Amino acid sequence: AQSVTQLDSQVPVFEEAPVELRCNYSSSVSVYLFWYVQYPNQGLQLLLKYLSGSTLVKGINGFEAEFNKSQTSFHLRKPSVHISDTAEYFCAVSPVTGGGNKLTFGTGTQLKVEL
Amino acid sequence: DTAVSQTPKYLVTQMGNDKSIKCEQNLGHDTMYWYKQDSKKFLKIMFSYNNKELIINETVPNRFSPKSPDKAHLNLHINSLELGDSAVYFCASSQDVIAGNTQYFGPGTRLTVL
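Computed from a predicted model, the values in this text were never measured in an experiment.

**Q** Explain the interface of chain B and chain A to me, and be specific about the residues and the numbers.
**A** Contacts between the two partners involve 24 residues from chain B and, on the opposite side, 25 residues from chain A. Here chain B meets chain A over a buried area of about 1800 Å², counting both sides, of which 53% is carbon and sulfur. Where chain B touches chain A, the interface holds two salt bridges. B:Glu58 is the salt-bridge partner of A:Lys102, the closest N and O atoms lying 3.1 Å from each other. Taken together, the connections running from chain B to chain A amount to 11 residue pairs in polar contact (both at pLDDT 80 or more).

**Q** Could you give an account of the packing of aromatic side chains, naming the residues involved and the relevant values?
**A** Across all of its chains, the model carries 13 aromatic pairs over all chains by this definition. Centre to centre, the rings of B:Phe64 and B:Tyr89 are 6.3 Å apart; their planes meet at 35 degrees, and the pair counts as tilted. With B:Phe64 in strand S7 (residues 64-70) and B:Tyr89 in strand S9 (residues 87-94), this residue pair connects regions lying 25 residues apart in the sequence. Assessed through its relative accessible area of 7%, B:Phe64 is described here as buried. When its relative accessible area of 0% is taken as the criterion, B:Tyr89 is described as buried. Among the aromatic residues, those joined into a cluster by ring pairs are A:Phe34, A:Tyr36, A:Phe90, A:Phe105, B:Tyr33, B:Tyr35, B:Phe90 and B:Phe105.

**Q** Help me get a handle on the pairing of strand S5 (residues 43-50) of chain B, residues and values and all.
**A** Remark: a regular strand shows side chains that alternate across the two faces of the sheet. All names here are of chain B. When you tally the buried positions in S5, you get seven out of eight residues, the bulk of the element. Here seven bridges tie strand S4 (residues 31-37) to S5, and the two strands are oriented antiparallel to one another. Looking across to S5, one finds that Met 32 is bridged to Tyr 49. The hairpin formed by S4 and S5 contains five residues between the paired strands, and Lys 41 there has a positive phi angle of roughly 70 degrees. Bridge analysis of S5 against strand S6 (residues 53-57) gives four bridges, and the strand direction is antiparallel. Within S6, the residue paired with Ser 48 across the bridge is Ile 56.

**Q** Go over the nonpolar core, please, and point to the residues and values.
**A** All names here are of chain A. In terms of nonpolar packing, the biggest core is built from 28 residues, with Trp 35, Leu 48, Leu 76 and Tyr 89 touching the most fellow members. Residue assignment for this core shows that the elements contributing at least two residues are strand S2 (10-14), strand S3 (19-21), strand S5 (31-38), strand S6 (44-50), strand S8 (64-68), strand S9 (73-78), strand S10 (87-95) and strand S12 (109-114). Contact partners of Leu 48, with chain neighbours within four places excluded, come to Leu 33, Phe 34, Trp 35, Val 57, Lys 58, Gly 59, Phe 63, Glu 64, Ala 65, Phe 74 and Leu 76.

Parameters and conventions
- Residues numbered from 1 in each chain as written.
- Chains lettered and ligands numbered in written order.
- Predicted model: local features only at pLDDT ≥ 70, side-chain atom pairs only at ≥ 80, totals over all residues.
- Heavy atoms only, no water.
- Contact = heavy atoms within 4.5 Å.
- Buried area = accessible area lost by both parts, 1.4 Å probe.
- Salt bridge = Lys/Arg side-chain N within 4 Å of Asp/Glu carboxyl O.
- Polar contact = N/O pair within 3.5 Å; in protein donor to acceptor, adjacent residues only side chain to side chain.
- Phe/Tyr/Trp six-rings, centres within 6.5 Å; stacked < 30°, edge-to-face > 60°.
- Helix = DSSP H or I, 4+ residues; strand = E, 2+ residues; numbered from the N terminus.
- Buried < 20%, exposed > 50% of the residue type's maximum accessible area, 1.4 Å probe, protein only.
- Pairing = 2+ DSSP bridges.
- Core = buried A, V, L, I, M, F, W, Y, C linked by side-chain atoms within 4.5 Å.

Spelled out as structure tokens, the structure:
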């Protein structure tokens, strides 16, 4: 079984400031890692994913994440946020084999960007 | 063109009623999913189908019955609705059932049971 922990339920940040949203996971098998974003009253949209290769993954809208296997983390970063980044961000994992592409989500982090 | 669409967007009903939510994807994907998002925004998978075959069935009450008439559609029927069924239900699809494939989500259906 897998579990995902997003320690910060809310992260307030001023516009143009950097931000980091933390994600840690637990799994007895190898997993793929994902970040999804949910804008108000909308469905989820993939920001980025780590499958293999370079541990630094670049995604859409200027976001990036770094996979750290020893710390079982996959933190999301953006060097300069915009008001339009205000949304709920979900970290998720999926077993590499045998899981049927099943996603296990964290509880989400509400990013609120203020002027 | 909406890639993954759901109807209705909002559904308000009384306890004990039976209701259905429809999902359609025009991406040509083989695999479709249903997720439930509770009031605390926690997302949990309920079912997945691959080419009309049930792949994942997470411990969901048997009042919930998914039906896939073809691989572009995955509907969710709920019998004898309970207060605890109030949530946002998301449909999603992916190219196939292989791990790592991106899942594309619909806009959600907000179900309120009174």
